[in-house]
Amino acid sequence: MISQYKKQGISVLGTGLVCLDIIKHNDRFSYLNGGSCGNVISSLAFLGVSTTIVKAQYKDYINSFINHNFKRLGVNIVEFEINDKLSPRIIEDIIENGNSKYHQFYVKCPVCYKELPSAVIIDKSDDYISKLIGNIDQYNLFYTDRASKGIRSIRNLFKRKNKWVFYEPNSIRNKNAFFENSLQADIVKFSSEKVSFNIASELRLSARSGDTKIIIITAGGEGAYFCSRKSIEDDFSNWERVPAYPIDEFRDASGAGDWCSAGIIYHLLETYKDTTEQLAYEDIYDAIDNAQKLSAASCSSEGAQGLIYDGDILRKFSQLNIKIPIEPKERHKLEMPYHGICPICLQPCFEEVLQREVCTVST
């Protein structure tokens, strides 16, 4: 059921990493939509924002499962065709060590030892992109966690219309490319685990000559740091810290940064529908502060999107004073063809793998 609560006047387009999250905790496995872009767009839709996601059309039943989860949240799906390829998936292992918990990600199945399929990011011409996404006047913001020819094309369409571009790079493989793509975005956000404070400070200095208006770096339990400017003509402020919020029951930090991104978009676009208005420092601080509450709430559920399907979410929102109307969701069951596929990564595999008693699968 799509939420009856709708955030009026806000619409977001996203593309980037969308995949199946295979969540392992002890000997139990469960399946949810995942990927940074998939998480942010799903979270925004859950919060009542009008959302559209651009993704590859994979050739297996996992693609249908992922799409069905999006549709149940009200996400509009735009797919581009690719060659015959399995849907991407990532295995997250939630590890307990005494009183501490942390997660580890795998790109190879621990049962059948196959490499997990990777995502296809849109890399098309400008004409193809324009026809694919149609009129962008309906959107306020473009979110992406990747960079490609196709993504740059979408970004440029948004920039020409003074619409927000939110860029959340996962890592720095190429420093020059990282700076180039960041300077073309209005909001840049990343984790201190992926990008150091030194690099963030370099970006702050370089961004004076770019289009960037807000730079945000998240630091787990330390909270988040940001710097900003009212308009392109202004210099950036000094770094400001926004404290994190404590939670009663920590279960999994995976996806906390994605919920934070969704919260920033949700609250910031309440006031600023496009990039032509001057930004008030207080509005940016409040948006990040409220986003930190969502980030904290997400850590009390397993999996990046576990909070969406948490039956106790209303109490958790109340405890953190999160004033966003939502409706709890029920998980969609993954109907798996058990014959001929690995019971964990759901890829075709040999018969001896199928005969192993390795886990309890929770769909």
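Here, the structure is the one placed above.
Here goes a summary of the coordinates provided. (Residues numbered from 1 in each chain as written. Predicted model: local features only at pLDDT ≥ 70, side-chain atom pairs only at ≥ 80, totals over all residues. Heavy atoms only, no water.)

**Points about the packing of aromatic side chains**
Heads up, the condition is: Each Phe, Tyr or Trp ring, with Trp reduced to its six-membered ring, pairs with another whose centre is within 6.5 Å; inter-plane angles below 30 degrees give stacked pairs, above 60 give edge-to-face pairs, and intermediate values give tilted ones. Secondary structure elements follow DSSP: runs of H or I of four or more residues count as helices, runs of E of two or more count as strands, with numbering from the N terminus. Categorising residues by exposure relies on relative accessible area from a 1.4 Å probe, with only protein chains included: less than 20% of the type maximum marks a residue as buried, more than 50% marks it as exposed, and the intermediate range marks it as partly exposed.
This structure, assessed with the given rule, holds ten aromatic pairs. Ring centres of Phe-197 and Tyr-225 lie 5.3 Å apart, and the angle between their planes is 90°; on these two criteria the pair is classed as edge-to-face. Separated by 28 residues along the polypeptide, Phe-197 in helix α6 (residues 197-206) and Tyr-225 in strand β12 (residues 224-228) bring together distant segments of the chain. With a relative accessible area of 18%, Tyr-225 lands in the buried category. Geometrically, the ring pair formed by Phe-226 and Tyr-285 is edge-to-face, given 6.4 Å between the ring centres and 65° between the ring planes. Of the two residues, Phe-226 is situated in strand β12 and Tyr-285 in helix α8 (residues 281-298); the sequence distance between them amounts to 59 residues.

**Notes on the layout of surface pockets**
Remark: the empty space left among the atoms is shown by a probe the size of a water molecule rolled over them. What counts is decided by this rule: Within this scheme a cavity is a closed region of a 1 Å grid, computed over the protein atoms alone, that accommodates a 1.4 Å probe without allowing it to escape, whereas a pocket is open but has protein on both sides within 12 Å along at least five of seven lines; lining residues each have an atom within 4 Å of a point. Grid points are joined across faces, edges and corners, and a volume is the space filled by probe spheres set on the points. Each residue is assigned to one of three groups, with Ala, Val, Leu, Ile, Met, Phe, Trp, Tyr, Cys and Pro labelled nonpolar, Asp, Glu, Lys and Arg labelled charged, and all others, Gly among them, labelled polar.
Reported here for the second largest pocket is a volume of approximately 260 Å³. Lining the second largest pocket are 14 residues, with Arg-146, Ala-147, Tyr-167, Ser-171 and Arg-173 positioned closest to its centre. Tallying contributions element by element places helix α5 (residues 175-183) first for the lining of the second largest pocket, with three residues. Its residues placed into classes, the lining of the second largest pocket shows seven nonpolar, four polar and three charged.

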